[in-house]
Structures are given as structure tokens and as C-alpha cells.
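Observations on the three-dimensional arrangement
Chain by chain, the residues run as shown.
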Amino acid sequence: MSIFPESPVEQDTESIPQYEISPIGKMPLFPKEIIEETEPPYQLEYDEINNYEFIFGERRDNIVHNCRTSGLSAEAFFEESEDPSVDPYMDMMINPGVPPLAWCPIYKAGSTIWKKNFAILSGDAKSDVLRTGNSDPLDLDLEAIIQERYTLTYRVSQMKKRATGMATLMVVRHPFERLLSAYRHKLENRQGEEYYYERFGKRIVEKYRQKSSNHTQAEPTFAEFLNFIVDEQEPDDYWTPYNSTCYPCTIKYDYVMKFENLVDEYNYYLFITGMHKHGFPYPLTPLPENDPKSSTSQKVKEYYFKQVPTKLLRQVYEIYKLDFILFEYHPDEYYSLSMKDSDTESDVEVYAHE
């Protein structure tokens, strides 16, 4: 099941500078004065570089393989059709200068750090300010910088052509954990998130709260939110599937980072591409476990998923199935944590990729 975002007005960008190919992948053509100006904050050993190159290379290969076996290869995507949804719109942030970089934003998967990076590249934000982590009023300004400086909306076919001349990246996260993080951040507590409460939360409670429920809070429960996801399938940046956001079967991504290991993979990426020369916050450090933007701890997962019926969770899986398959995530752990629907359902179905 694909959930397509709305189709905003198409925009255009400047031509994109090229990358040179090196043994370790695409390297930006930095001006000489930049190359000589800044040394890397730390050095990676040769074995570490090889290990990460293997990881990213294996992910690229797996995505290509899984796209083909799922019938979602680029060749299958653009069929002759009068249906405009065959070539939908997508968001992509492009830095057309130095370094030429394209990032597909996925919210609740490390998106804030990349917004800050693009704000730095724009010249409108100082990296030393962004490093402090001060969110007031910086985050308000951050959105304004992004909207003003960077073109976001493209036809997928247009982006496929442009992506050949730049380094492309996206960050993914276990789909169930992303949904939980979106719920905790946007819907669990209406304070500070009135927009999401008025647009989604109030409606979810009215439609999905049982009269016999002992829940008294105005905000929806996690299970009610998942019922909404299954029934409504209403797109939003915080829960639209990756496959309908970044189109990884059509656009080749040089770097697909996983949120679960984002600190190490992000720091490697900055080191190997020389992005530290542009003042990117470096290196990243892990967030506290109780931060909803951080990787979800085992205790937190157990607390929320034990409230979700297994049957409902399997329905959610079907909606995000392609995300699971393309990026090789598995639902078994979450099935085992969920609430069994009946006494007959005592065993968890074993999941395996075909």
C-alpha cells in the first residue's frame, strides 16, 4: 500500500556541480582553499573506512535487489500512463553549490541535524550557534531558512535526472519505532502541539475511543493512533512511508543511513566527504534514552507496544511492508511485545524476507 503526498507546485533549481569518483565513492570537488583550511577532527583507520564502505555498499545492493523482487524498479515505476500519479511529486533538499548534496527529508529519523547542516550551508546560520543545541529561538529560524533557501518539491522523474550529478542520502528508521516517536512527539501530549491535536488528535479520539474505555485523557492512545493509520491512511510528513516519500527504487541513494546507528554513520560520512570543512556539527553524540527523538529504549518499547493488539500491529505492518522489505527491518520483536488478540494466538508468526 502506497501513501502518496499531496502534489504541490513544481519548482526548479540551478545546475548541479559534479562529483569526482574515488575508490571510496563520490567525493565533492572542494575549492583548494577549503581543502587546505581545515583538518578532520579525528582520523578513521583504514579498516574502519572499509567497513563503512562495505555497509553502505551492501545497503545499496540490497535496495536494488529488493526493489526488483518487489516489482518497484525504476523501469517498472515509469510505465506509459495518463495517470499523473505515475510520476508523483517528492521533497528533496538540494545544495547546488559546494558541496553538491541532495537529502531526502524523513521526519523522526534524524531530520533536525540535516536541516541544521543545510542552514549552515546557506550561510544564514553559524555552526557554533547550532552546535549548542539551543532550540529557542533557533528552531523557529531554522524552518524559515530552509523554506527560503532551498527548493523542496520535484517530480520524481526530474529528481532522478538531477540526482546523477550529486551525492544523495537519506536516513531511515525502524518503521514501528518511527511511528511511536511520531506519536510521542506530536500526539501524546497536546501541550505545544495544538496543531496536531486539532488536525488529528481530537478526530482520532472521537472515532476510535471505545465507550467502555477507561482512558480519560483528551489525547489519543498509541493504539488509537495506529487504528487511525490503518483506517485513514492520511499522509503526513511524520508517518508517510519511506517508499512514498523518497522513492528509493527510482532514485539511487549513495548513502542510506540507519537511525539506529546514526551517530557512527553520520560521523563517518562527515569524515570521508570532508563536510567538516563547512562547519557541520561534528561529531554527533547520542541523545538521552528518554528523548523521543532518540533511539527507543527497550523499556519504552515494551510500555507502548504491550497496549497494541497483535492483529492491529500486523495491519500496520502491511501498510509499511515495503519499507520493512527495502531497508531490511523486521517486525517480530514488536509482535512479541504486543497484546495477543485471543487465547488461540499464543505464538508469534516468524517473519523472513523472501
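Residues numbered from 1 in each chain as written. Predicted model: local features only at pLDDT ≥ 70, side-chain atom pairs only at ≥ 80, totals over all residues. Heavy atoms only, no water.

**As for the sheet that holds strand 5 (residues 101-103)**
Taken together, the 4 strands give an open sheet; going across it, the order is 4-5-7-8, and neighbouring strands pair in mixed fashion. Both edges of this open sheet fall to strand 4 (93-95) and strand 8 (255-258), since each of them pairs with a single strand only. Geometrically, the sheet is characterised by an average inter-axis angle of 20 degrees between neighbouring strands, direction not taken into account. Strand direction decides the pairing type here: strand 4 and strand 5, joined by 3 bridges, are antiparallel. Looking at the pairing, I94 lines up with A102 of strand 5. Along the sheet, helix 4 (residues 111-122) makes contact with strand 4, strand 5, strand 7 (167-172) and strand 8, crossing strand 5 at roughly 150 degrees. Where helix 11 (residues 262-273) meets the sheet, its contacts fall on strand 5, strand 7 and strand 8, and the angle it forms with strand 8 comes to roughly 150 degrees. (Pairing = 2+ DSSP bridges. Helix = DSSP H or I, 4+ residues; strand = E, 2+ residues; numbered from the N terminus. Axes fitted to C-alpha atoms, helices over the stretch in contact; angles between N-to-C directions. Contact = heavy atoms within 4.5 Å.)

**A few points about the packing of helix 2 (residues 46-69) against helix 11**
Between helix 2 and helix 11, the shortest axis-to-axis distance is 11 Å and the interhelical angle comes to 110 degrees. One way to sum up the angle between helix 2 and helix 11 is to call them roughly perpendicular. Side by side, helix 2 and helix 11 meet where I49, Y52, E53, I55, F56 and R59 of the first sit next to D264, E265, Y268, F271 and I272 of the second. (Parallel < 35°, antiparallel > 145°, perpendicular 65-115°, else oblique.)

**A short note on the pattern of salt bridges**
Charged atoms that come close allow side chains of opposite charge to pair. A full pass over the atoms with the stated rule returns 10 salt bridges. Residues E234 and R203 are paired through a salt bridge, measuring 3.1 Å at the closest nitrogen-oxygen approach. Of this pair, E234 sits in the loop between helix 10 (222-232) and strand 8 while R203 is found in helix 9 (residues 194-208), placing the two residues 31 residues apart along the sequence. Residue classification places E234 among the partly exposed residues on the basis of a relative accessible area of 22%. The exposure class assigned to R203 is partly exposed, which follows from its relative accessible area of 31%. One network of salt bridges, with partners in common, ties together E177, K301 and E333. (Salt bridge = Lys/Arg side-chain N within 4 Å of Asp/Glu carboxyl O. Buried < 20%, exposed > 50% of the residue type's maximum accessible area, 1.4 Å probe, protein only.)

**Thoughts on the environment of Y334**
Mapping Y334 onto the fold places it in helix 15 (residues 332-337). Placed 20 residues apart in sequence, Y334 and R314 show a C-alpha to C-alpha distance of 9.7 Å. Contacts of Y334, omitting those with residues within four sequence positions, involve H174, F176, E177, K301, F305 and L313.

**Concerning the packing of helix 8 (residues 175-186) against helix 12 (residues 298-305)**
Viewed as axis vectors pointing N to C, helix 8 and helix 12 meet at an angle of 80 degrees, and their least axial separation amounts to 12 Å. By the angle between their directions, the pair helix 8 and helix 12 is classed as roughly perpendicular. Contacts between helix 8 and helix 12 involve F176, E177, L180, Y183 and R184 from the first element and V300, K301, Y304 and F305 from the second. Looking at the contact of helix 8 with helix 12 residue by residue, the classes come out as 6 nonpolar, no polar and 3 charged. (Nonpolar A, V, L, I, M, F, W, Y, C, P; charged D, E, K, R; others polar.)

**Points about the confidence of the model for the chain**
Residues with a pLDDT of 70 or more make up 69% of the chain, whose mean pLDDT is 77. Note that residues 4-37 has pLDDT below 50 and, in this model, 84 contacts with residues that lie over four places away or in other chains. Within the model, the stretch residues 135-140 combines pLDDT values under 50 with 3 contacts to residues more than four positions away or in other chains. (pLDDT = per-residue confidence, 0-100.)

**Describing the pairing of strand 7**
In terms of residue burial, strand 7 counts as a mostly covered element, since 6 of its 6 residues are buried. Where burial is concerned, the two faces of strand 7 agree: the one with A167, L169 and V171 and the one with T168, M170 and V172 are both buried. The pairing of strand 5 with strand 7 spans 3 bridges and is parallel. Paired with L101 across the strands is A167, a residue of strand 7. With 4 bridges connecting them, strand 7 and strand 8 associate as parallel partners. Looking across to strand 8, one finds that L169 is bridged to Y255.

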